[in-house]
Amino acid sequence: MSDILVHTEAGVCTITFNRPDKKNSITAAMYGAMADALVAAQEDAAVRCVVIQGSETMFSAGNDIADFLNNPPAGTGSPVFRFLRGIAQFPKPLIAAVCGPAVGVGTTLLFHCDLVYAGDNAAFSMPFVNLGLCPEAASSLLVPQMLGYHRAAEALLLGEPFMAEAALEVGLVNRVLPPTEAAGYAQSVARKMAAKPISSLVETKRLMKKNHTEQVLAVMDEEGASFGRMLREPAAKEAFGAFMERRKPDFSKL
Ligand code: COA
């Protein structure tokens, strides 16, 4: 079975993380599959709305650390960048259903979704600093914009997780539901959306986003250059090595 499932029904394309043994962490191949699914969904007139989801207990553990170490993303044509640019510019409505941990890009991708529904077990975290890295997916711009600077600093400088109710309070999440209901609720909203005129949906989204998209893409590129450089530096090597060896990282000499 594929690590990314793509299913279209009733005008809704659903993209599902399906790698439970590795906590839905995302490999380059999975980024490529999601980027391709977004392109296909954009081109397919039968698709009017896209839902991204994980399972009832796990959204995504973020980048696959071993895959990142073995195949660091090389430039803006790499699968991760194709995916990030794809969600940042996706013209049709994008809805997420999030239950359980949403780590790193599992959280930052949500800032590009139009609607987010969370299970009450959702835990959002962006622990880039703990990994010797820096924000990605334009989160250095979008997180302070949505959370305000000081809460963003807590999330990005401390890498502290926050739960569904806090995400609801800051506006990252539209509604908190029991985990067994989140995906079904997101589907019902997506189907309601899919019944509306696609031209109005696309134009409304374009107008809401048009003043930000260029800036978002520029920030994404700048973050990507730093992230790529930092991935090869000692702090990330220590953090990633510690994760693989199941020990605490030691940054005291770095
Ligand atoms: N990359 C690669 N493998 C990962 C992973 C990741 N980001 N997250 C989890 N896994 C793997 C573990 O190595 C383990 O594999 P194994 O069974 O072959 O040893 C398996 O998934 C289960 O992970 P485990 O940590 O035992 O699960 P948990 O339920 O105790 O904790 C998380 C779940 C998500 C909280 C924890 O796995 C975690 O913090 N992961 C790292 C998150 C991260 O730093 N992501 C990178 C952001 S850039």
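Heads up: the structure comes first, above all this text.
Cut-offs and rules
Residues numbered from 1 in each chain as written. Predicted model: local features only at pLDDT ≥ 70, side-chain atom pairs only at ≥ 80, totals over all residues. Heavy atoms only, no water. Near = heavy atom within 4 Å. Polar contact = N/O pair within 3.5 Å; in protein donor to acceptor, adjacent residues only side chain to side chain. Areas by Shrake-Rupley, 256 points an atom, 1.4 Å probe, with all protein chains shown as cover. Nonpolar A, V, L, I, M, F, W, Y, C, P; charged D, E, K, R; others polar. Axes fitted to C-alpha atoms, helices over the stretch in contact; angles between N-to-C directions. Helix = DSSP H or I, 4+ residues; strand = E, 2+ residues; numbered from the N terminus. Left-handed = near helix turned anticlockwise from the far one by under 90°. Contact = heavy atoms within 4.5 Å. Buried < 20%, exposed > 50% of the residue type's maximum accessible area, 1.4 Å probe, protein only. Pairing = 2+ DSSP bridges. Right-handed = clockwise from strand over helix to strand, strands pointing away.

Asks: How would you summarise the site of the ligand if you had to cite specific residues and measurements?
Replies: With respect to spatial proximity, the complete set of residues near the ligand consists of Asp21, Lys22, Lys23, Ser25, Ala61, Asn63, Asp64, Ile65, Val103, Leu131, Phe243 and Arg246. A distance of 2.6 Å separates an oxygen atom of the ligand from a polar atom in the side chain of lysine 22. Isoleucine 65 places a main-chain nitrogen or oxygen 2.8 Å from a nitrogen atom of the ligand. Starting from 880 Å² of accessible surface for the ligand in isolation, the protein chains cover 66%. A class-by-class count of the residues in the shell around the ligand yields five nonpolar, two polar and five charged.

Asks: Go over the packing of helix α1 (residues 28–43) against helix α3 (residues 79–89) with me, naming the residues and quoting the values.
Replies: When two helices pack together, you describe them by how their axes are tilted relative to each other and by the distance separating the axes. Closest axis-to-axis distance for the α1/α3 pair is 8 Å, and the angle between their directions is 35°. As α1 packs across α3, the resulting crossing turns out to be left-handed. Listed contacts from α3 to Ala28, Tyr31, Gly32, Met34, Ala35, Asp36 and Leu38 of α1 are Pro79, Val80, Arg82, Phe83, Gly86 and Ile87. Here the contact of α1 with α3 is built from residues that sort into nine nonpolar, two polar and two charged.

Asks: I'd like to hear about the environment of alanine 74, residue by residue, with values.
Replies: For alanine 74, the location among the structural elements is in the loop between α2 (65–70) and α3. The class for alanine 74 is exposed, based on a relative accessible area of 68%. Measuring from C-alpha to C-alpha, the distance between alanine 74 and glycine 171 comes to 34 Å, with 97 residues separating the pair along the chain.

Asks: Tell me about the sheet that holds strand β7 (residues 123–125), residues and numbers included.
Replies: If you walk across this open sheet you meet the three strands as β5-β7-β8, and the pairing is mixed. Looking along the sheet, the strands with just one partner apiece sit at the ends: β5 (101–103) and β8 (162–163). As defined by bridge partners, β7 adjoins β8 across two bridges and the pair is classed as antiparallel. Across the sheet, the residue bridging to phenylalanine 124 is phenylalanine 162, located in β8.

Asks: Describe unusual backbone geometry, listing the residues and the values that go with them.
Replies: One non-glycine residue, lysine 23, lies in the positive phi region at around 55°. For lysine 23, a relative accessible area of 48% translates into the label partly exposed. One non-glycine residue, alanine 137, adopts positive backbone phi at about 60°. Position of alanine 137 relative to the elements: it lies in the loop between β7 and α5 (139–147). Residue classification places alanine 137 among the buried positions, given a relative accessible area of 1%.

Asks: Just give me the short version of the pairing of strand β3 (residues 49–53), but keep the residues and values in it.
Replies: Most of β3 is tucked away: five of the five residues are buried. Neither face of β3 is exposed, since Cys49, Val51 and Gln53 on one face and Val50 and Ile52 on the opposite face are all buried. As defined by bridge partners, strand β2 (residues 12–17) adjoins β3 across five bridges and the pair is classed as parallel. Opposite threonine 16, over in β3, you have glutamine 53 as the bridge partner. Handedness of the β-α-β unit built from β2, α1 and β3 comes out right-handed. In the sheet, β3 pairs with strand β4 (residues 94–98) via four bridges, with the strands oriented parallel. Residue pairing across strands places valine 51 opposite isoleucine 95, the latter belonging to β4.

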